[in-house]
Amino acid sequence: MAEELNEKRMHDVHTKEIDLVSRDPKRLNDDVVKIDFEDVIAEPDGTHSFDGIWKASFTTFTVTKYWFYRLLSAIFGIPLALIWGIYFAILSFLHIWAVVPCIRSYLIEIQCISRVYSICIHTFCDPLFEAIGKMFSTIRATVRKEI
């Protein structure tokens, strides 16, 4: 039973349910590609074309954008998904197997140097600064306003 549940979890990772209605749930492209007819073509008051031309232009723009996007995604969608999948797999691999171990190694090595540096500062600088602080602690400053 436990093996079956574990196998199902492994299978579910790769066959995640896809929402075909909301295809941008994290709102990645809200500010970039939400372009409608009104965002590109607008006629100010006093300068209007014929209503039929305006409606035909709107329909032409909307349908062309819709179908040309579908055509481009049908032609280039799968190859680009493959390329981006490979790219992010390589990026993940490098991050997991190279970047993080290098950073961890650096932090371990620098910790020794940090301790030696801290001991030197506390040994030589702390007494010096404490002595200078005691010398200047007796200085009193007063401000007088003379008229």
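As the structure is a computational prediction, the values presented were derived from the model and not from experiment.

## Looking at helix α3 (residues 51–136)
Each α-helix turn comprises 3.6 residues. Residues three or four places apart therefore point the same way.
Next up, step 1: Relative to the 128 Å expected for 86 residues at 1.5 Å per residue, α3 spans just 86 Å between its end C-alpha atoms, considerably shorter than the ideal helical length.
Next up, step 2: Along α3, the sharpest kink reaches roughly 50°, centred on F76 and followed within four residues by the proline P79.

## Let's talk about the UniProt feature "transmembrane region" (unreviewed entry) in the protein
Next up, step 1: Per the UniProt record, the feature "transmembrane region" (unreviewed entry) sits at residues 71–98.
Next up, step 2: Annotated as residues 71–98, this span is 100% helix and 0% strand, and its ends, taken at the C-alpha atoms, are 40 Å apart.

## Quick notes on the packing of aromatic side chains
Aromatic ring pairs: the centre-centre distance and the angle between the two ring planes describe each pair.
Next up, step 1: Considering all chains together, one arrives at 7 aromatic pairs under this definition.
Next up, step 2: Note on F37 and W54: the rings are 4.9 Å apart at their centroids and 65° apart in plane angle, and the pair reads as edge-to-face. With a gap of 17 residues between them, F37 in helix α2 (residues 37–40) and W54 in helix α3 connect regions that are remote in the sequence.
Next up, step 3: Relative accessible area serves as the criterion here: at 2%, F37 is assigned to the buried category.
Next up, step 4: Between F37 and F58, the ring centres sit 5.4 Å apart and the planes meet at 90°, which makes this aromatic pair edge-to-face. One end of the pair, F37, is in helix α2; the other, F58, is in helix α3, with 21 residues separating them in the sequence.
Next up, step 5: Note on F58: relative accessible area 36%, which makes it partly exposed.
Next up, step 6: Three or more aromatic residues link up through ring pairs in this structure, and these residues are F37, W54, F58 and F61.

The rules behind the values
Residues numbered from 1 in each chain as written. Predicted model: local features only at pLDDT ≥ 70, side-chain atom pairs only at ≥ 80, totals over all residues. Heavy atoms only, no water. Helix = DSSP H or I, 4+ residues; strand = E, 2+ residues; numbered from the N terminus. Expected span 1.5 Å × (residues − 1). Bend = angle between axes of the 7 residues up to and from the residue. UniProt positions renumbered as here; feature names shortened; annotations may be inferred. Phe/Tyr/Trp six-rings, centres within 6.5 Å; stacked < 30°, edge-to-face > 60°. Buried < 20%, exposed > 50% of the residue type's maximum accessible area, 1.4 Å probe, protein only.

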